[in-house]
Amino acid sequence: TVSADSLRTDEPILNLVGSYNDPVFGFVTASTYTQFSLPANNVDFGSSFTPDSLVLTIGYSGSYPTTPASQIIHIYRLSEPMYVDSVYYSNDDFSYLPDSDLAGIALAPQVGDTAITIKLNNVLFTSANSAFIDNAAFQSFLNGFNIASDTALGGGILYLNMLSPYTKLTLYYNDSLSFNFLIDSKSARSNRFTHNYYSGTDIAKQLAGTTLGDSLVYVQPMAGVKVKVQFPYLTEWAKIPRAINKAELVFTVFDDGTLTTYKVPDNLFILGAGTNIIITDQYEGASYFGGSYDAVNKQYKFNIARHVHEILYKGRENNGIYLIVPNNLLTSGSVVSANRVILGGAKNISVGMKLKITYTII
């Protein structure tokens, strides 16, 4: 088990907010940075404009674990700009005004909820604002928000859909009127992740360089941990010419009794651990390459026949592979999902990983 690299997280399909203490993987936090946009230029609220309240509504798409406990959500006003055409990563921070907490409220979404609503404790806008001329002026006035949870009371990772039709920042004014600021193609967003692998846990020991991976290994999204697998004796096979008909790499899930609460990833993915990260077999398509979770057998399988052939006969370096949650922006990807998994290591008697090769001597 080794540390995963930071992930590109700008404009993901879901934004993650929350924190929780995973019984195996330690303390996990996710926060979101986001802008809102002015939907039209020269917005005029009239000479008698009197703001009443400001309400943030965000589309809600679930959580990890499935039923999160109550946690305190904070919303801070950013003190530096974001840019929609910039690239941001999971370890990038934006400064915010520490005394600008606009929320600080307890939140515990329920299964079936489609949105969360937070009334901010500061209206922000006044009749003297000149921020409504155009979007550039608006985003200069309101750089954006940092949405985070109180790490002293973790409840779970919330999946927020910033592109949902429910998502809006609503300004109520003049007693009965309202105006919506939106998130659109002019709004920058990014996710921020942190992990605390407590001293004494198997993950902490493995990251320190021990050989505990022979028994169990760990894969975690959100720039957490990944697994490096090596095949140190594979090149010995080249001494007798063989046609590789099939090479199936099998990973079996270690069931510690919590799979219902801590659901495993829908898919895993493998990359080359050397300079060439591409596993050629993936070009044959997902149905051939594999990686989907088999819930009946509690396994992930990959067909890497071409990869093995390249190592044996095409001069590809035998640097091993990395096993990861796919690094993509889809709903099951490492950027937008908290699902993690424990797998059997190479010498685990009951759930050990295997490379099963079918060949013909030629």
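What counts, and where the lines are drawn
- Residues numbered from 1 in each chain as written.
- Predicted model: local features only at pLDDT ≥ 70, side-chain atom pairs only at ≥ 80, totals over all residues.
- Heavy atoms only, no water.
- Helix = DSSP H or I, 4+ residues; strand = E, 2+ residues; numbered from the N terminus.
- Buried < 20%, exposed > 50% of the residue type's maximum accessible area, 1.4 Å probe, protein only.
- Contact = heavy atoms within 4.5 Å.
- Areas by Shrake-Rupley, 256 points an atom, 1.4 Å probe, with all protein chains shown as cover.
- Core = buried A, V, L, I, M, F, W, Y, C linked by side-chain atoms within 4.5 Å.
- Salt bridge = Lys/Arg side-chain N within 4 Å of Asp/Glu carboxyl O.
- Patch = residues over 30% accessible without salt bridge, like charges linked within 9 Å, V, L, I, M, F, W, Y side chains within 5 Å.
- pLDDT = per-residue confidence, 0-100.
- 1 Å grid on protein atoms, 1.4 Å probe; cavity = no way out; pocket = protein on both sides within 12 Å on 5 of 7 lines; lining within 4 Å.
- Points joined across faces, edges and corners; volume = space filled by probe spheres on them.
- Nonpolar A, V, L, I, M, F, W, Y, C, P; charged D, E, K, R; others polar.

Draft legend 1. How the structure looks around the overall build of the chain. Helix and strand counts for the chain come out as four helices and 21 strands. C-alpha atoms of the chain, sized along the principal axes, occupy 90 × 40 × 35 Å. Within the chain, the fraction of its 362 residues that count as buried is 50%. Of the contacts formed within the chain by residues at least 6 apart in sequence, a portion of 81% connects residues at least 24 apart. Summing over all exposed atoms, the chain offers an accessible surface of approximately 16,400 Å²; the carbon and sulfur share of this is 51%.

Draft legend 2. Looking closely at the nonpolar core. Grouped together as the largest cluster of nonpolar side chains are 35 residues, with contacts concentrated most on Ile-75, Leu-120, Phe-125, Phe-145, Ile-147, Leu-169 and Phe-181. Taken together, the elements giving at least two residues each to this core come down to strand S4 (51-64), strand S5 (71-77), strand S7 (115-120), strand S8 (145-149), strand S9 (156-161), strand S10 (168-173) and strand S11 (177-181). Considering each element in turn, this core owes the most residues, four residues, to S4. Once residues lying within four places of it in the same chain are set aside, the contact partners of Ile-147 are Val-17, Ser-31, Thr-32, Thr-34, Leu-56, Ile-58, Ile-73, His-74, Ile-75 and Met-162. Among the nonpolar cores identified, the runner-up in size contains 30 residues, and Val-227, Tyr-300, Val-325 and Met-353 belong to it.

Draft legend 3. Structural view of the pattern of salt bridges. Enumeration over the complete set of coordinates arrives at nine salt bridges. Its salt-bridge partner being Lys-226, residue Asp-5 comes within 3.6 Å of it at the nearest N-O pair. Here the residue Asp-5 occupies a position in the loop between strand S1 (2-3) and strand S2 (15-22), and Lys-226 occupies one in strand S14 (residues 225-229), the gap between them amounting to 221 residues. By relative accessible area, which is 9% here, Lys-226 ends up buried. Residue Lys-298 pairs with Asp-255 through a salt bridge whose shortest N-O separation is 2.6 Å. Separated by 43 residues along the polypeptide, Lys-298 in the loop between strand S17 (290-294) and strand S18 (299-303) and Asp-255 in the loop between strand S15 (242-252) and strand S16 (269-272) bring together distant segments of the chain.

Draft legend 4. Structural view of a nonpolar patch on the surface. On the surface, a cluster of nonpolar side chains totalling about 280 Å² of accessible area is made up of Ile-240, Tyr-359 and Ile-361. Looking at the element boundaries, Ile-240 is found in the loop between S14 and S15.

Draft legend 5. How the structure looks around helix H4 (residues 305-313). Of the positions making up H4, those classed as buried are Ala-305, His-307, Val-308, Glu-310, Ile-311 and Leu-312. Those residues of H4 that are buried lie in contact with S15, helix H3 (286-289), S18, strand S19 (321-324) and strand S21 (354-361). In the segment just after H4, Gly-315 is the residue with positive phi, at about 80°.

Draft legend 6. How the structure looks around the confidence of the model for the chain. Summary statistics for the chain give a mean pLDDT of 93 and a share of 98% for residues scoring 70 or more. Mean pLDDT in the chain bottoms out at helix H2 (residues 202-207), which sits at 89, and peaks at S18, which reaches 98.

Draft legend 7. Highlighting the layout of surface pockets. Within this model, the largest pocket holds a volume of roughly 740 Å³. Those elements that place two or more of their residues in the lining of the largest pocket are S14 and S21. Grouping the amino acids of the lining of the largest pocket by side-chain chemistry returns 14 nonpolar, seven polar and four charged.

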